[in-house]
Every structure is written in C-alpha cells, then in structure tokens.
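Each chain, letter by letter, is given below.
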2 protein chains.
Amino acid sequence: MDARTYIEEHRGEFVAALKEWLAIPSVSADPDRHGDVRRSAEWLAAHLKGTGFPSVEVWETGGLPAVYAEWPAADPGAPTVLVYGHHDVQPADPAEEWETDPFTPVERGERLIGRGASDDKGQVLFHALGVRAGLAASGADAPPVTLKLLVEGEEESGSPHFADLLRSRRDRLGCDVVVVSDTTMWAADTPSMCVGMRGLTHCQIDLYGPERDLHSGTFGGAVPNPAAAMADLLSGLHDADGRIAVPGFYDDVVEIGEEERALIARLPFDEEEWLATASSGAASGEAGYSILERIWVRPTAEINGMWSGHTGAGGKTIVPKSAHAKLSFRLVPNQEPLRIQEHVRAYVASAVPAGIRAEVAFGGPGVRPCASDLSSEAVRAARAAMSRAFGTEVLYTREGGSGPEADLADILGAPLVFVAVGLDDDRIHAPNEKVEVPLLLKGAESAAYLWEGLAQRG
Amino acid sequence: MDARTYIEEHRGEFVAALKEWLAIPSVSADPDRHGDVRRSAEWLAAHLKGTGFPSVEVWETGGLPAVYAEWPAADPGAPTVLVYGHHDVQPADPAEEWETDPFTPVERGERLIGRGASDDKGQVLFHALGVRAGLAASGADAPPVTLKLLVEGEEESGSPHFADLLRSRRDRLGCDVVVVSDTTMWAADTPSMCVGMRGLTHCQIDLYGPERDLHSGTFGGAVPNPAAAMADLLSGLHDADGRIAVPGFYDDVVEIGEEERALIARLPFDEEEWLATASSGAASGEAGYSILERIWVRPTAEINGMWSGHTGAGGKTIVPKSAHAKLSFRLVPNQEPLRIQEHVRAYVASAVPAGIRAEVAFGGPGVRPCASDLSSEAVRAARAAMSRAFGTEVLYTREGGSGPEADLADILGAPLVFVAVGLDDDRIHAPNEKVEVPLLLKGAESAAYLWEGLAQRG
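If you're wondering where the values come from, they're calculated on a predicted model, not measured in any experiment. (Residues numbered from 1 in each chain as written. Chains lettered and ligands numbered in written order. Predicted model: local features only at pLDDT ≥ 70, side-chain atom pairs only at ≥ 80, totals over all residues. Heavy atoms only, no water.)

## Digging into the packing of helix 12 (residues 377-390) of chain A against helix 14 (residues 437-457) of chain A
All names here are of chain A.
Turning to step 1, where the next piece is worked out: Packing of helix 12 against helix 14 leaves a shortest axis separation of 8 Å and a crossing angle of 135 degrees. The angle between helix 12 and helix 14 places the two elements in the oblique class. For the element pair helix 12 and helix 14, the recorded crossing hand is right-handed. Facing Glu377, Ala378, Arg380, Ala381, Ala382, Ala384, Ala385, Met386, Arg388, Ala389 and Phe390 of helix 12, the residues of helix 14 in contact are Leu439, Lys442, Glu445, Ser446, Tyr449, Leu450, Glu452, Leu454 and Arg457.
Turning to step 2, where the next piece is worked out: Partitioned by chemical class, the residues of the contact of helix 12 with helix 14 number 12 nonpolar, 1 polar and 7 charged. (Axes fitted to C-alpha atoms, helices over the stretch in contact; angles between N-to-C directions. Helix = DSSP H or I, 4+ residues; strand = E, 2+ residues; numbered from the N terminus. Parallel < 35°, antiparallel > 145°, perpendicular 65-115°, else oblique. Left-handed = near helix turned anticlockwise from the far one by under 90°. Contact = heavy atoms within 4.5 Å. Nonpolar A, V, L, I, M, F, W, Y, C, P; charged D, E, K, R; others polar.)

Next up, the structure:
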C-alpha cells in the first residue's frame, strides 16, 4: 500500500486521536493549567508508544515537561533526523469569542476547530501518521532514517527551559537535520517551505504613580498620571516612519539582500486578500518595506495588552495609581534578545517622568531569530518531499512568528528545515483556532517521503 | 441647650444612623446597584421624616431617585434656603485594596471608614443633626429659615437627569440661597469655604482594528495596532508644556485674575505636605501655574482607565483587536461641556490612523463649572457661621471637583454658597474612604448658625 492510500484509510483514526489530545487544555502561560500540560505530555507519550516508537520518554525540565521519542533506522549508517514541535497551547481568552468550546474540538466539514489544532498539536501528530504510512509503503519495520521527536511544553511561554534541555540532552539529540513542524504554508493551493523565523522577546512594563487612586477633581492636573506616562512611553516606541525609536534597536539588524527581496516579490501576494485574512481595514508599518518584508525580515515592537485604572461599567473620575503594558518585540537576524532587552530597559528608564516609578520584567531570555541555508541538502530534500506530496512546485517563504529553532540549530549543530502545513487564517493565538485536516494529511505524506529522500541522499 | 451641646450629646445616635446609611451600596455607576440607590433614597426619606421635616418626598427622575424634604419657617417672611447633596456613591473597586469592607462602615478613633462617609452621605446627614440642634437652641418648633433639602442619586454618574429635575420642579425648589455640602475644607485646623468648582465631562473612547486578535508574529508590523493608536491618541492629548493639545479646548477659558491669584497664594500651602496627601512622588502639570491653580482654576484632560488585549497572567503575543480608554475633562469658567465634547470628538477623529475605527461615547451632557460671588450676603453669612462653629477665621478656596452646582444656580436663579467639612485626605473616589466625625459635627453646628444668621440678615 502506498503512503497516500495508507493515510487516507487512517484519516478517521487520526482525527479521533487529535480530538482527544486537543481536549487537554495545555496552556503553558497559565499556572492553573500546568497539570494539564503534564497530562498532555503523558497523552502524547502513550500515543507515540502506540505508534510503534521503541523508545518514548517524558523529559522533565526546570518548568513543564517535553516528550522525546526515538525510532532507530535498520541501517546504522542512515542519517538521523530530529523533528521538533510543541504540545502546549496559547491561552483561549477571550473565552466569550469562541463559537465552540476551545477545548471541545469540533469537526466542521474538512476543518477541525479547537485551541492547538494548528499550533501545534495537529502538526506534531501528523508525524506519527507519517512514519506509519512510510512503513506501510516500504514494508519495513523501521523508518529509513533514525527518527527522533522532541515535543516541548513551553513554546507558547517563550521556551524558557528549552535551551538548557537541549544542552543537557545533547548526546541523545544528536542529528544530521532538524525538521520543524510549527509554521505555515503560503496557501492551501500554494505549498511553500519556510526558510527563516523571527526571534522574540516580551516584557511587562509597570508604571507606578500615586500610592492610591486619586480623585481626578481634587488632584487632577497637578500630579503625574501613570496612564498618561504609559501612553507617552508606548507612543514613543515608533517614529513617524513606523521605525522603532528605541535607541540601539536596529544596531545588529542584517538588512535584507537584493536576492531575497526579489524572491519575496515573486510570491503571488494579493494585498486585498491578505487584508481580508488579517481582518484589518488597512496595512501599515515601517516605511520603505513591503508587507511581506515587514512581517518576515523586519523587527517589530508590538503592544499585546495594556491596562490601567477603571475598566468597569460607567465612569470613575480618578487619577489611577498604576498603568501596565505587555509588549513583544519580533527580532530578525542578527538581533540578540538579551541586547534588545537592555535597549528596552534603557528606553523605559529614559521615558518615565518624575513621580512615576517603572518596572520592566522580561518573560525569560527570549527567542533568537533564525534562517535556513537555502543551498543545503536538507532544504532540497524537504522541498522535493513536499512537492511530491502536494503534486506541485514548493516556494520559499519566511515566518513572522518565533520558536526555539535558533537554539536547535546552534546547540545541536545541525541545519534547520521547516516542513509544516498550517495556514495564516488558522486563527492561531486567537479565538476559533482551526486546522484543515486535508493539509495535516499532506503533512504526514510529506514526512513519509522526506525520510525516504533523506535516506537516499544520505 | 446650645447647639454645640445638643450636637455633642447626640453624636452616638448620629454616627449609628450614618453607619446604617453607609451600609447601603448606592453606586449609581453600576446598573447592578440601582436597587440599592433606590433603597438609599428610601432610607434618607425615612430619616428626614424622623428628624421632623413635615414634608418628605422621593422624587423620580429619568434615572435614579432624589430625595426632597421641606420644613417651612414659622415666619412666612423668612428667607428660603435649599441645601444640596447626593446620596449615591462612587464604585468601590479595586475591592481588594480596601482594608475593611467598603459597605460595612467601621469606626477607628474619631474616623468613620466606608464608601460615601465623606462623599457625600456624612455631609448630607449633618444637616439633619444641625436643624435639630438649632431647634434645641432656639426652643422653636420650626427652623428660622424655610429649609429645603434636595439630595440627588446620580451625582457620581454626572447628574444626567438633575437639570431636568430642577426645571420640572422649579416651583417647589424656589429659594434665596443654595447651600452646597459636597466639598472639602483646606484642613481640619484651617476651615475654609469653597467659592468655585470645576466642571466635568467624561467619555469612553473605543478603537477597533482587526476583527479579531491577531498573532503578532504572523501579522505584527504590517497592520495597525489599536493599542498603539490609542497610545498615540492619549499621548497627543498634552503638549510638552502640559497644556491640552485638543484644538479649541481653551477657547472659552477665563484666565485667572491677579486678585484671585494673590488670594490663592495667601493660603498656607506646603508642597511636601500636599505631595504626602496626594501620595505622589512629584507634582506636575501645566507650565506657568502653581499647584493650587492647576487644580482649581485650570482645566484638565485625565486618563481614568484604559485597557486592551491580554491583561492576564503571562505573555500573549497578539495584535489586539481593540483598545479602550476612559477620559475625564475638568472644566473651568466659561467652558461649556457640550462644546468641549465636540472638540474631543474632532480630535479623536483626526488622531486615528487608517484601518482603525473610533467611537466616542460621552457619559451625558456633563457638568458645568461654577463660582460664587464673593461679595454676596450669602457668602458672608456662611463664612460667619463657620467661623463661629470652628472658632477661627475661615479662608476661601476653590474645589477641583465637580457637581451640578452651576445648574442649581442658573436654573433656580439663586446664589451658591459652599458649606462643607470634607478633607482632601478623605480618600473619596478611592479605597478606604473615611470621614472625620468631629468635622461632621462642626458641619452640623455651622448649619444651625447659618440658618440663624440668614434669618437675621434676611
């Protein structure tokens, strides 16, 4: 039986398993859900055992557990591949905007709806189906490459313990290629491979003014208002050209080359369609760059949330005692998150007026940006495998999002390739996340072909 | 028995009644509390009947009820006085910052702690004690002036129906003087009379961007972020000199005269002490004006609250779909709230970038600023009554806060005087509101003397 037929015949079983996993609310950012993240790891470990991986382990970290599975190739000379994904998910709030319960997955036509369906449980799980499909096609009882899966539990929290885990387990994780399945394709009918991702660092800024909320009549106009100080600080993050005004922010940015710029311009990009996918009334951003360049190869400073004072019903005429904001910064090669953190701290300190005290807390060391080497054997094999699965040419893209991929490549000393089938309209990190089941099946098929291709090239 | 002795002897009874009233959470801004506002009106009506007012009525409005009580003088030629106060209170949030339950009043030494203790139930209730003390002193069975009390239930919501009430009840409310008991004195040992109040208009601004929260990696840097647009809009409210940058905002402002400026400069103002009362690390505000001038005779634009995107635990890397802010503007003679609302709407419309939709909702028509005529008979009588009660000279101040006093004066065609005993450190509109019971008793005494004084002058 060929891989494609095997996959089609096991679709029902695959979807049933994924639904079971999606029902576990493994929100790593929420301390109340940490037990669920652990349950999610255990579910995956059991599933991978059932798939046939001879060795499956739950690995403890300084935080939430990762799952590791290994299936040696019959041929000891075969290359070794490490597949990376994550089993934790984003928070589901605002809960009231979900049309279905975020943790009660629902099938609607070809779609499966639920938090984590696309990011990243669906994309992890297609590897279990892919390896079985490959075995069904070859008739062998082991994959053509030594297959290692490493599925972490803190990706949506910035992977604070992932680098340590990689370092401490480096011997077990040794590999020739790292395959990452946590990104998106250009479109359902235009398969593509990601060749780079932005880095990330995020923080909370707290500004404190008077020790208590003050009556805005009795004191207003004569004391500094922390909400106003926050507005000034946040407004000052960008200049009139949409460039980030934090001193030093661009110091290490590698400007996009003319070749890559031309490559990006070749993609069939339709601004109106993109705006519809973004559900935004207009595009905006840094002057001098196209929309795709702004998302893929330029850094950002984004306000993710803010709050201060009275946010309930009616009016409350106060000078609030504090103001808070959550910011994230997307980074591009060769920005280092820790250097960016220093620049942001210095900016905040310089932006705060007398009478206001500032605290800046970063959510861990951050995530470094990364990029694939387009001339590598691994990138060529992955492109060929996806082309075979989808039956069409596979283009290159980048990803505006972030993952611990730079650490994977650096610490394990192996090249990165991205094989993933999410879509930009999957509503990842938003209410009503979904995944297209047929694309997950194409992902499984691509994986089966890729192991075969790497074994031949290896 | 003289008025002072009567008041001292009835202190326990007075405090017990006030505690009963404070236990009713009459928060007019919270629709869930509207039943309590009604209960509060009924409580007051019953109390005033018990005090001896021959005529007590609960007056319905387009919103929450007011209480009206009337006690005619024996002499039909005696002047008529209308006392104004309010029985609704500010919301109690943030609830976790109260050291005691906001609606379970607690005595600590000379203080009574609870929402509304100072603003304004304590100051309304001293009038019931004051009129009885006057009767005890005179031996008469009616006050020396015809006494009318009008206690509204929507002051903390901007008195949206108060002007209509005054107009529709103008015949009943006819008076020679309006006495307002809803302000503060300079200090417990420096009694003073307020001679003006700022006006107020407040609004909520809602900015809407993408139709849903977006992944800040997938879309960040290329779509307008409503939180960033809000920060720009709020930051642009003031220029570098602390002046309000909304075009047209100062058009109708009457600059302070040199005489009043000198009067304000005579007050024993200690900036360090004031900062301690404000619990603020620094003063700030409009260049070219003293702290007291900024609070009393200059208008403000204040952020009372704001919120957008993720405000829970941990990070959430989104471009939020909306951002919200609550603003209040304190106004000075002769700014008209409705004109200011037009200026603010125009400013918001001009400040919003492409792809962001703005809505501005004002909380009613606003409150006009007002001022007393310092040369009037009523101001002189009130000053003399307070001097007698406190045994010391009474100075003039203004109040930075707002009430429906301009409407009272304009619609009823009577001069305003302010007789009130709150303090700036009473934490009104903030957690742990309190009142100094001895000052409430001085308020009652002042009222008793004032009715006598007005009858003699009248």
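## Some words on the domain arrangement of chain A
Residue and element names in this part refer to chain A.
Turning to step 1, where the next piece is worked out: Parsing chain A into structural domains produces domain 1 (3-197 + 369-457) and domain 2 (199-253 + 299-362).
Turning to step 2, where the next piece is worked out: Distance from the C-alpha centre of domain 1 to the C-alpha centre of domain 2: 36 Å.
Turning to step 3, where the next piece is worked out: At the interface, 7 residues of domain 1 touch 8 residues of domain 2.
Turning to step 4, where the next piece is worked out: Between domain 1 and domain 2, the buried area comes to about 530 Å², and carbon and sulfur atoms account for 61% of it.
Turning to step 5, where the next piece is worked out: Across the domain 1-domain 2 interface, the total number found is 2 residue pairs in polar contact (both at pLDDT 80 or more).
Turning to step 6, where the next piece is worked out: Broken down by class, the residue content of the side of domain 1 that touches domain 2 amounts to 2 nonpolar, 4 polar and 1 charged. (Domains from an automatic or database assignment. Buried area = accessible area lost by both parts, 1.4 Å probe. Polar contact = N/O pair within 3.5 Å; in protein donor to acceptor, adjacent residues only side chain to side chain.)

## Here we look at the pairing of strand 2 (residues 66-71) of chain B
Residues in a regular strand point their side chains to alternate faces of the sheet.
Residue and element names in this part refer to chain B.
Turning to step 1, where the next piece is worked out: Counting buried positions over the 6 residues of strand 2 gives 6, a clear majority of the element.
Turning to step 2, where the next piece is worked out: For strand 1 (residues 55-59) and strand 2, the ladder comprises 5 bridges, and the chain directions are antiparallel. When the bridges of strand 2 are listed, Trp59 appears paired with Ala66.
Turning to step 3, where the next piece is worked out: The antiparallel pairing of strand 1 with strand 2 creates a hairpin that spans 6 residues between the two strands.
Turning to step 4, where the next piece is worked out: Of the pairings in the sheet, the one linking strand 2 to strand 6 (residues 146-152) comprises 5 bridges and is antiparallel in character. (Buried < 20%, exposed > 50% of the residue type's maximum accessible area, 1.4 Å probe, protein only. Pairing = 2+ DSSP bridges.)

## Brief notes about empty space enclosed by the protein
Turning to step 1, where the next piece is worked out: In this structure the tally under the stated criterion is 8 cavities of 30 Å³ or more.
Turning to step 2, where the next piece is worked out: By volume, the largest cavity is sized at about 300 Å³.
Turning to step 3, where the next piece is worked out: Considering the residues around the largest cavity, the lining is formed by 30 residues, among which Glu155, Glu156, Ser402 and His429 of chain A together with His215 of chain B are closest to the centre.
Turning to step 4, where the next piece is worked out: Of the residues belonging to the lining of the largest cavity, the class tally is 5 nonpolar, 18 polar and 7 charged.
Turning to step 5, where the next piece is worked out: Put simply, the second largest cavity is a space of about 80 Å³.
Turning to step 6, where the next piece is worked out: As for the second largest cavity, its lining consists of 13 residues, and the residues nearest its centre are His215 and Phe219 of chain A together with Asp424, Arg427 and Ile428 of chain B.
Turning to step 7, where the next piece is worked out: The residue inventory of the lining of the second largest cavity, partitioned by class, reads 5 nonpolar, 3 polar and 5 charged. (1 Å grid on protein atoms, 1.4 Å probe; cavity = no way out; pocket = protein on both sides within 12 Å on 5 of 7 lines; lining within 4 Å. Points joined across faces, edges and corners; volume = space filled by probe spheres on them.)

## Concerning the sheet that holds strand 17 (residues 416-418) of chain A
Residue and element names in this part refer to chain A.
Turning to step 1, where the next piece is worked out: The strand order across the open sheet formed by 6 strands is 1-2-6-3-7-17, and the pairing between neighbours is mixed. Edge positions in the open sheet fall to strand 1 (55-59) and strand 17, since each of these has one partner strand only. Taken over all neighbouring pairs, the strand axes of this sheet differ in orientation by 20 degrees on average, direction set aside.

## Some remarks on the relation of the copies chain B and chain A
Turning to step 1, where the next piece is worked out: By a simple turn and slide, chain B fits onto chain A: the slide is 0.0 Å along the axis, the RMSD is 0.1 Å, and the turn is 180 degrees. The transformation just described matches what one would write down for a two-fold rotation axis.
Turning to step 2, where the next piece is worked out: Taken as a fraction of all interface residues of chain B, those also at the interface in chain A reach 100%, which identifies the copy contact as same-surface. (Least-squares fit on C-alpha atoms with pLDDT ≥ 70 in both.)

## What to know about the environment of Leu327 of chain A
Turning to step 1, where the next piece is worked out: Here Leu327 of chain A lies in strand 13 (residues 322-331).
Turning to step 2, where the next piece is worked out: Remark: the alpha-carbon pair of Leu327 of chain A and Gly305 of chain A, spanning 22 residues in sequence, is separated by 7.1 Å.

## As for the sheet that holds strand 5 (residues 111-113) of chain B
All names here are of chain B.
Turning to step 1, where the next piece is worked out: A sheet is described by the order of its strands in space; here 3 strands give the open sequence 4-5-18, paired in antiparallel fashion. Each having just a single partner strand, strand 4 (106-108) and strand 18 (434-436) make up the two edges of the open sheet. Taken over all neighbouring pairs, the strand axes of this sheet differ in orientation by 25 degrees on average, direction set aside.
Turning to step 2, where the next piece is worked out: In this sheet, strand 18 lies alongside strand 5 in antiparallel orientation, the contact comprising 3 bridges. Paired with Leu112 across the bridge in strand 18 is Val435.
Turning to step 3, where the next piece is worked out: Most of the contacts of helix 14 (residues 437-457) go to strand 18, to which it runs at about 60 degrees, and overall it touches strand 5 and strand 18.

## Side note on the packing of aromatic side chains
All names here are of chain A.
Turning to step 1, where the next piece is worked out: Within the structure shown, the criterion is met by 20 aromatic pairs over all chains.
Turning to step 2, where the next piece is worked out: Cation over ring: Arg169 sits above Trp59, and NZ or CZ is 4.2 Å from the ring centre.
Turning to step 3, where the next piece is worked out: Sitting over the ring of Tyr449, Arg388 keeps its end group 3.8 Å from the ring centre. (Phe/Tyr/Trp six-rings, centres within 6.5 Å; stacked < 30°, edge-to-face > 60°. Lys NZ or Arg CZ within 6 Å of the ring centre and 35° of its normal.)

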